[in-house]
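Understanding the architecture of this molecule
Spelled out, the chains give:
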Amino acid sequence: MYERKIPVDLDCPLRLTMSLIDSKWKSCILDELRHRAMRPSELHKALPEATPRVLDLQLKELVEDGLVEKTIYAELPPRSQYSITPLGMTLIPIIDAMLEWGTQNKALFERKYGK
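Residues numbered from 1 in each chain as written. Predicted model: local features only at pLDDT ≥ 70, side-chain atom pairs only at ≥ 80, totals over all residues. Heavy atoms only, no water.

Moving on to the overall build of the protein chain. Helix and strand content of the protein chain: seven helices and two strands. In sequence order, the protein chain lays out its α and β elements as α-α-α-α-β-β-α-α-α. Considering only C-alpha atoms, the protein chain reaches an extent of 50 × 40 × 25 Å along its principal axes. For the protein chain, long-range pairs separated by at least 24 residues make up 49% of all intrachain contacts whose partners lie at least 6 apart in sequence. In the structure as shown, the protein chain presents an accessible area of about 8,300 Å², 58% of it carried by carbon and sulfur atoms. Put simply, the protein chain has 17 plus and 17 minus side-chain charges, and the middle of one group is 6 Å from the middle of the other. (Helix = DSSP H or I, 4+ residues; strand = E, 2+ residues; numbered from the N terminus. Contact = heavy atoms within 4.5 Å. Areas by Shrake-Rupley, 256 points an atom, 1.4 Å probe, with all protein chains shown as cover. Lys, Arg positive; Asp, Glu negative; His and termini not counted. Charge placed at Lys NZ, Arg CZ, Asp CG, Glu CD.)

In structure tokens:
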């Protein structure tokens, strides 16, 4: 797992929160899992822009942080699925606020990135 070179400032709630969802795909993963548990292949299909390696690493970090739970089924062939935890659900209002802000400011992104 990635080790930070600069320690997280434990006195800053914003930095603490961002330390959990600071990557490009973690908030997207949580958004996908809010409605149902998903197998790894389903998450890869839902987020095709993310490379499998990056997605797998970020899923692993989300599990280690307690935001996502991984269930492994003891069957042949083995299968697993990911689901959001109650702690992870507490971040959904933040993600919803980011979605709303992005929707309200769509023109900014169209100017910046084109249509």
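Pairing between side chains of opposite charge can happen when their charged atoms approach one another. What the rule picks out here adds up to five salt bridges. Glu61 is the partner of Lys26 in a salt bridge, and the nearest nitrogen-oxygen pair spans 2.6 Å. One end of the pair, Lys26, is in helix 2 (residues 26-33); the other, Glu61, is in helix 4 (residues 52-64), with 35 residues separating them in the sequence. By relative accessible area, Lys26 is classed as buried at 2%. A relative accessible area of 18% means that Glu61 is categorised as buried. Arg34 is the salt-bridge partner of Asp31, the closest N and O atoms lying 2.8 Å from each other. (Salt bridge = Lys/Arg side-chain N within 4 Å of Asp/Glu carboxyl O. Buried < 20%, exposed > 50% of the residue type's maximum accessible area, 1.4 Å probe, protein only.)

Glancing now at the nonpolar core. Counting residues in hydrophobic clusters, the biggest one holds 19 residues, and the most contacted among them are Ile29, Leu30, Leu33, Leu43 and Leu55. Taken together, the elements giving at least two residues each to this core come down to helix 2, helix 4, strand 2 (79-84) and helix 6 (92-104). Sequence-distant contacts of Leu43, that is, excluding residues within four places in its chain, are made with Glu32, Leu33, Met38, Leu55, Leu59 and Tyr82. (Core = buried A, V, L, I, M, F, W, Y, C linked by side-chain atoms within 4.5 Å.)

Between its first and last C-alpha, helix 4 extends 18 Å over 13 residues, near the 18 Å set by a 1.5 Å rise per residue. Among the residues of helix 4, Leu55, Gln58, Leu59, Glu61 and Leu62 are the ones counted as buried. Looking straight down helix 4, one finds that the buried residues subtend no more than 160 degrees of arc, so they occupy a single side. At its buried positions, helix 4 is contacted by helix 1 (13-21), helix 2, helix 3 (40-46), strand 1 (68-73) and strand 2. (Expected span 1.5 Å × (residues − 1). Arc of directions from axis to C-beta.)

Quick look at the packing of helix 6 against helix 7 (residues 106-113) now. The contact between helix 6 and helix 7 brings their axes to 4 Å, and the two run at 65 degrees. With respect to each other, helix 6 and helix 7 are oriented roughly perpendicular. On helix 7, the residues that touch Trp101, Gly102, Thr103 and Gln104 of helix 6 are Lys106, Leu108 and Phe109. Of the residues that constitute the contact of helix 6 with helix 7, the class distribution is three nonpolar, three polar and one charged. (Axes fitted to C-alpha atoms, helices over the stretch in contact; angles between N-to-C directions. Parallel < 35°, antiparallel > 145°, perpendicular 65-115°, else oblique. Nonpolar A, V, L, I, M, F, W, Y, C, P; charged D, E, K, R; others polar.)

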